[in-house]
Amino acid sequence: MHKLHLFVFFLISVCMLSACTQVRSWERGYLAKKEMAWDPDSLEGALNDHIFFSKEASSGGNSTAGGGCGCN
Amino acid sequence: MKKYRSRSLIALSTSALALPGIALSDSPPVETTLAYKFSNYKEDDLSRSEAPFSDLERYDIDVHQFQLLSPVGRNMALQVYASHETLTGASPWFTSSDTNGNPIVSLSGASGISDKRSELSVGGRYYMQNGTIGANVGYSEEDDYKATYFGIDGVRNFNNDMTTVTIGFSFSSDDIFPTDALLFNRVISKDKRSASLAFSVSQVINQISTIQSTVSITELTGFLSDPYKLRDSRPENKTQVAWATSYRRFFDSANAALHINYRLYHDDFGIDSQTLEFAWHQNLNSSWQLVPSVRYYSQSAADFFINIDDFLNPLTNFQSSDYRLSAFGAFSGGLSVIQDFGEWSANFTAERYVSDEKYSTYAVAQPSTALTRYFRISLGIEFAF
Amino acid sequence: MSKLSKIQTFLVLFASIAFHSAFAVEEGDAAPDFTLPSIQEGQADFTLSAMKGKTVYIDFWASWCAPCLKSLPLYNELYHKYKDQGLEMVAISVDNPIEDGLDFLLDTPLDFILPADPEGDIPELYGVFGMPTSYLIGPDGTVRMVHIGFRDGDIEMVEEAIKSVLSGG
């Protein structure tokens, strides 16, 4: 539960940043660069998610869905 | 002279779906892109001291991936993903102890495993004034495994497109029917279901940086044990939570972007983990990009993990010597080279992954002898038309 | 965090979201006048009020904006089709540095007026929200259409609007 409080506080602080600097639509040149995307190479992201899922015990935290596997 | 326009359009098209809440994220991709990637990763052989009595060769896997991303009409985008994987080699079958009481592992069968996996998923996204709605369905099949899944999500922009909130739900229904079940006294046919809910917030911090945080909770029910291990019995329910935060920052003077990802994970098998990744996307000139990356992973052991199978422990007690449930840490380092030729681009990646119980930040009561190390190479191309 | 400070935080959050958007030029408004230098050196400055009596289509674009790049060649065709009927086309590049916009124009020449506004003063003046945004201004200087974004099929809609204003509608 402690971690949940931390996450809510984190969310609120992130939203608070909105009160600071507005970045207007014509100022988004840097953000539009491919290297600034959350996932510039989605095949690489999907591949890594799949490999790490089959070699480690953790998964999730991202929005890329995928089929399960009988990876052993 | 289409070169410049196509190159910038490709770059902007493929990132359109992925970009955090900018004014353009409410528009479908402007061009159709097709991407293909071939990868091979091979696990290091075990050493004789780790596996005195069995084959030493582990997995060697080839993966082919395809993706098509296309605008449909005025307000929609279509995404098709397919992958095909062939796998040869062997994996841990059981663990025992040598004359000194140290754990040793035996890999499955002299002939090893040969398996194929195919997956296909189709998704669509509908673009509105202040957000989008997406849905996807998929199917994957292996010689001994089948999965059907679907997902839906909603994305909403707020605050002059500075803040984006995403909610997603996905569900998967899997069937497992181990090969040679009767021969090796394995379960014949079992199933499992998994349902997942994710909540994500992205925030534009300033003109050059963004941050995103996602919490996902997943509930698994059904047969969660490994049917190929001689002695493996796990609970029929698992709840797992993951909290991942990502940061992106552009450095104008260097013409490069820094990526930092951090994920915390916890499940009720007793596994806690942390993952930290850094990547530096360095533009060399208008068509070459170099991306070095490092990843550090650390996990604790499952409550019921033992590193030496105990055949006298009744199966009603949860137990597993699967290395993936042991306490260990892993480092990986990779380098990608990307070249943009205008209407098409190529990428090459090499990555080395090493795991060891000494790298874990958690207590290691029983280290596993079967931890993996592997080397991966990938080659990909993308077309836009 | 105490309950009171949590409530205060939420109130500030709500306020910042609720009262975000300020002024924006809408259909029916008089188009605010402005002067901008050309993106190309040696070319004349552009002043909107000097266009009085003509139908003016103003488009805000940038080399990093995919829908913008898709629309510009289509606008070029439209310009050639209707310039003799009194259409003026003005594509304002908000690229910063200006060179990014110039690079695009080297590969894709456009035949209409091309001012540069790297500081973003005019999109600010017009209250631009979203890229690209275009304004169709009638001969009397009032805004007849504001169009945000550019998707498949939009060019037909833009052409209809231009035809309508040119024929005195």
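This one's a predicted model, so the numbers in the text were calculated from it and none came from an experiment.

S.K.: Which residues make up the sheet that holds strand β6 (residues 143-148) of chain C, and what are the values?
M.R.: Residues and elements named next belong to chain C. Reading across from one edge, β4-β3-β5-β6 is the order of the four strands in this open sheet, with mixed pairing throughout. At either end of the open sheet lies a strand with only one pairing partner, and these are β4 (87-93) and β6. Neighbour to neighbour, the strand axes of the sheet diverge by 15 degrees on average, direction disregarded. One ladder, built from seven bridges, connects strand β3 (residues 55-61) with β4; its direction is parallel. By the bridge assignment for β4, Thr 55 is matched with Leu 87. Across the face of the sheet, helix α2 (residues 66-82) comes into contact with β3 and β4 while running at roughly 160 degrees to β4.

S.K.: Before we move on, could you go through the environment of B:Asn206 and cite the residues and values that matter?
M.R.: Residue and element names in this part refer to chain B. Within the secondary structure, Asn 206 sits in strand β10 (residues 190-206). On the neighbour-count criterion, Asn 206 (15 C-beta atoms within 10 Å) is partly exposed. Between the alpha carbons of Asn 206 and Arg 249 there is a distance of 9.4 Å; along the sequence they are 43 residues apart.

S.K.: Describe the nonpolar core, and please don't skip the residues or the numbers.
M.R.: All names here are of chain C. With 53 residues, the main nonpolar core has Tyr 57, Ala 62, Cys 65, Cys 68, Val 90 and Ala 91 as its most contacted residues. Secondary-structure elements contributing two or more residues to this core are β3, α2, β4, α4 (121-126), β5 (133-137) and α5 (154-166). With six residues, α2 is the largest single contributor of residues to this core. Each residue touching Cys 68, except ones within four places of it in the same chain, is listed here: Trp 61, Ala 62, Met 131, Pro 132 and Phe 150.

S.K.: Would you mind going over the pairing of strand β6 (residues 113-127) of chain B in detail, with residue names and values included?
M.R.: Residue and element names in this part refer to chain B. Taken together, the 14 bridges between strand β3 (residues 76-89) and β6 define a ladder with antiparallel strand orientation. Bridge pairing in β6 places Leu 87 opposite Asp 115. Where β6 folds back onto strand β7 (residues 131-142) in an antiparallel hairpin, the turn is made up of three residues.

S.K.: A description of helix α2 (residues 42-55) of chain A should follow, citing residues and the corresponding values.
M.R.: Look at α2(A): 20 Å from first C-alpha to last across 14 residues, which is about the 20 Å you get at 1.5 Å a residue. Taken together, the buried positions of α2(A) are occupied by A:Ser42, A:Leu43, A:Glu44, A:Ala46, A:Leu47, A:Asn48, A:His50, A:Ile51 and A:Lys55. On its buried face, α2(A) sits against β1 (33-43), β2 (60-72), β17 (344-356) and β18 (373-384) of chain B.

S.K.: Pulling in residues and values, what's your account of the environment of B:Ser196?
M.R.: You can see B:Ser196 is positioned in strand β10. Not counting the four nearest positions on each side in its chain, B:Ser196 is found in contact with A:Gly60, B:Ser170, B:Ser216, B:Ile217 and B:Thr218.

S.K.: Tell me about unusual backbone geometry, and name the residues and values.
M.R.: Following C:Asn96, the chain continues to C:Pro97 via a peptide bond in cis, the omega torsion being 15 degrees. Among the structural elements, C:Pro97 can be located in the loop between β4 and α3 (98-107). Residue C:Pro132 follows C:Met131 across a cis peptide bond; omega there is -5 degrees. For C:Pro132, the location among the structural elements is in the loop between α4 and β5. Of note, the phi angle at B:Asn159 is positive, near 60 degrees, even though the residue is not glycine. Mapped onto the fold, B:Asn159 is located in the loop between β8 (145-158) and β9 (163-176). Overall, B:Asn159 belongs to the buried group, with 21 C-beta atoms counted inside 10 Å. Although it is not a glycine, B:Asp161 adopts a positive phi angle of roughly 60 degrees. With respect to the element layout, B:Asp161 can be found in the loop between β8 and β9. On the basis of neighbour count, B:Asp161 is assigned to the buried category, with 23 C-beta atoms found within 10 Å.

S.K.: Report on the environment of B:Arg295, specifying residues and quantitative values.
M.R.: Residues and elements named next belong to chain B. Note that Arg 295 resides in strand β15 (residues 288-299). Taking the C-beta count within 10 Å as the criterion, Arg 295 has 19 such neighbours and is therefore assigned partly exposed. Spatially, the C-alpha atoms of Arg 295 and Gly 333 are 6.4 Å apart, while their sequence positions differ by 38 residues.

S.K.: Before we move on, can you summarise α2(C) with the specific residues and values?
M.R.: Residue and element names in this part refer to chain C. Across its 17 residues, α2 extends 25 Å between first and last C-alpha, which sits within 8% of the 24 Å expected from 1.5 Å per residue. The principal kink in α2, of about 25 degrees, is found at Leu 72, preceding the proline Pro 73 by one to four residues. Where α2 is concerned, the buried positions are Ala 66, Pro 67, Cys 68, Leu 69, Lys 70, Ser 71, Leu 72, Tyr 75 and Leu 78.

S.K.: Account for the packing of α2(C) against α5(C), with residues named and values stated.
M.R.: All names here are of chain C. In contact at an axis separation of 11 Å, α2 and α5 are set at 25 degrees when each is read in the N-to-C sense. The orientation of α2 with respect to α5, classified from their angle, is roughly parallel. In the packing of α2 onto α5, the handedness of the crossing is right-handed. For the pair α2 and α5, the contacting residues are Leu 74, Leu 78 and Tyr 82 in the first and Ile 155, Glu 159, Ile 162 and Leu 166 in the second. Along the lines of polarity and charge, the residues of the contact of α2 with α5 split into six nonpolar, no polar and one charged.

S.K.: Outline the pairing of β7(B), listing residues and values.
M.R.: All names here are of chain B. Only one face of β7 is covered, namely the face carrying Thr 132, Gly 134, Asn 136, Gly 138, Ser 140 and Glu 142; the face carrying Gly 131, Ile 133, Ala 135, Val 137, Tyr 139 and Glu 141 is uncovered. Inspection of the sheet shows β6 paired to β7 by 11 bridges, in the antiparallel sense. For Tyr 127, the partnering residue across the bridge sits in β7 and is Thr 132. Here β7 pairs with β8 via 12 bridges, running antiparallel. Note that in β8 the partner of Gly 138 across the bridge is Tyr 149.

Calculation rules
Residues numbered from 1 in each chain as written. Chains lettered and ligands numbered in written order. Predicted model: local features only at pLDDT ≥ 70, side-chain atom pairs only at ≥ 80, totals over all residues. Pairing = 2+ DSSP bridges. Helix = DSSP H or I, 4+ residues; strand = E, 2+ residues; numbered from the N terminus. Axes fitted to C-alpha atoms, helices over the stretch in contact; angles between N-to-C directions. Contact = placed C-beta atoms within 7 Å. Buried ≥ 20, exposed ≤ 12 C-beta atoms within 10 Å, placed from the backbone. Core = buried A, V, L, I, M, F, W, Y, C linked by C-beta atoms within 7 Å. Expected span 1.5 Å × (residues − 1). Bend = angle between axes of the 7 residues up to and from the residue. Parallel < 35°, antiparallel > 145°, perpendicular 65-115°, else oblique. Left-handed = near helix turned anticlockwise from the far one by under 90°. Nonpolar A, V, L, I, M, F, W, Y, C, P; charged D, E, K, R; others polar.

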